[in-house]
Amino acid sequence: MIVINTSHILPDTPYLLDGTESSDVLELPADADPPLAPAGDITYHLSAVMAGADLIVTGSASVPLATVCARCLDDIRVPITVKNLCFHFEKVRDLEVDLTDDVREELLLAIPSCFYCSPDCKGICPVCGANLNHASCGCDRDQAEPEPDPAAPSPWDQLDALNLAPEKPAKKAPATAEKPAKKAPAKKKTAGAAETLAKKAPAKKKSGGRAPKKD
Ligand SMILES: [Zn+2]
Ligand SMILES: [Zn+2]
């Protein structure tokens, strides 16, 4: 636990608290995507001062995480660091204040949605799957997606083979309006609203029609 006993804080003197905390407190999900696992303890450097009966804590915290590069899928270790921690606790004179949850929350919020082994990671070859950071595979990646042959059968042709003729019985359905009697008025209202919109629309077209006359 990261705890500050405010009775130890002297007036006008910042109380420094440096230490480590087990990264188990982060409670990272086991099924995270990308995978996230603690690769070391949380380290923190905090400075606490009292403002009347209130406690103000500033500082930084960091934890290394094991994950994978989003481009090349290599296992990587990345530090998650929060440099501008700032916590404020009201009326805590002569009390022990537990900062663990606050530090945990700030670190979790600082975890990005994806990681890269380096800003210029070359990723993997789309042809052979080789990691291009480690070796050049020699694949002709410009030919990875060949131009489609216009004479070849298109997968979209199968859509033309589908019988998408309108179903005529669907129009008869509203005639048997015994059970959905309550729904029928609602439909009329929406239709009325659409009509009012439709009536307003031509008016706009008239005003819009003036523009060409100026030309
Ligand atoms: Zn990478
Ligand atoms: Zn390749």
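Remember, it's a predicted structure, so these values are computed and weren't measured experimentally.

1. Some words on the overall build of the chain
Here comes step 1: Counting its secondary structure elements, the chain contains 4 helices and 7 strands.
Here comes step 2: Mapped from its N terminus to its C terminus, the chain presents α and β elements in the order β-β-β-β-β-β-β-α-α-α-α.

2. Some words on the environment of P126
Here comes step 1: Tracing the backbone shows P126 in the loop between α1 (100-109) and α2 (157-161).
Here comes step 2: By the C-beta count within 10 Å, which is 11 here, P126 ends up exposed.
Here comes step 3: Sequence separation of P126 and D140 is 14 residues, and the distance between their C-alpha atoms is 10.0 Å.

3. Re the nonpolar core
Here comes step 1: One finds I42, Y44, V57, V63, V103 and L107 to be the most contacted residues of the largest nonpolar core, which totals 17 residues.
Here comes step 2: Of all the secondary structure elements, the ones that give two or more residues to this core are β4 (42-51), β5 (54-68) and α1.
Here comes step 3: Top contributing element to this core by residue count: β5, with 5 residues.
Here comes step 4: Those residues within four positions of V57 in sequence are excluded, and the remaining contacts are I4, L46, A48, F87 and L99.

4. Observations regarding the confidence of the model for the chain
Detailed reading of the predicted model is not advised wherever pLDDT is low.
Here comes step 1: Across the chain, the average pLDDT comes to 81, with 74% of residues at 70 or higher.
Here comes step 2: The model gives residues 180-215 a pLDDT under 50, and that stretch makes 1 contact with residues more than four places away or in other chains.

5. Focus on the pairing of strand β2 (residues 15-21)
Here comes step 1: Counting buried residues along β2, only 0 of its 7 residues qualify, which leaves the element largely exposed.
Here comes step 2: Both β2 and β4 contribute to a ladder of 7 bridges, which runs antiparallel. Residue L17 lies in a different strand from β4, and its bridge partner there is L46.

6. Quick look at the environment of D140
Here comes step 1: Along the chain, D140 turns up in the loop between α1 and α2.
Here comes step 2: Linking D140 and V127, residues 13 residues apart in sequence, is a C-alpha distance of 8.1 Å.

7. Considering the pairing of β5
Here comes step 1: Two elements, strand β3 (residues 37-38) and β5, share 2 bridges in a ladder whose sense is antiparallel. Across the sheet, residue P38 finds its bridge partner in β5, namely L65.
Here comes step 2: Across 9 bridges, the pairing between β4 and β5 is antiparallel. If you follow L46 over to β5, its bridge partner there is G59.
Here comes step 3: Adjacent in sequence and paired antiparallel, β4 and β5 are bridged by 2 residues, among which G52 carries a positive phi angle near 70 degrees.

8. A look at unusual backbone geometry
Of all residues except glycine, most have a negative phi; of all peptide bonds, most are trans.
Here comes step 1: Of note, the bond from D33 into P34 is cis; its omega dihedral lies within 30 degrees of zero at 5 degrees.
Here comes step 2: Looking at the element boundaries, P34 is found in the loop between β2 and β3.
Here comes step 3: For L73, which is not glycine, the phi dihedral falls at a positive 65 degrees.
Here comes step 4: Tracing the chain through its elements places L73 in the loop between β5 and β6 (75-89).
Here comes step 5: Note on L73: 14 C-beta atoms within 10 Å, which makes it partly exposed.
Here comes step 6: At K91, a residue that is not glycine, the phi angle is positive and equals roughly 50 degrees.
Here comes step 7: With respect to the element layout, K91 can be found in the loop between β6 and β7 (96-98).

The rules behind the values
- Residues numbered from 1 in each chain as written.
- Chains lettered and ligands numbered in written order.
- Predicted model: local features only at pLDDT ≥ 70, side-chain atom pairs only at ≥ 80, totals over all residues.
- Helix = DSSP H or I, 4+ residues; strand = E, 2+ residues; numbered from the N terminus.
- Buried ≥ 20, exposed ≤ 12 C-beta atoms within 10 Å, placed from the backbone.
- Core = buried A, V, L, I, M, F, W, Y, C linked by C-beta atoms within 7 Å.
- Contact = placed C-beta atoms within 7 Å.
- pLDDT = per-residue confidence, 0-100.
- Pairing = 2+ DSSP bridges.

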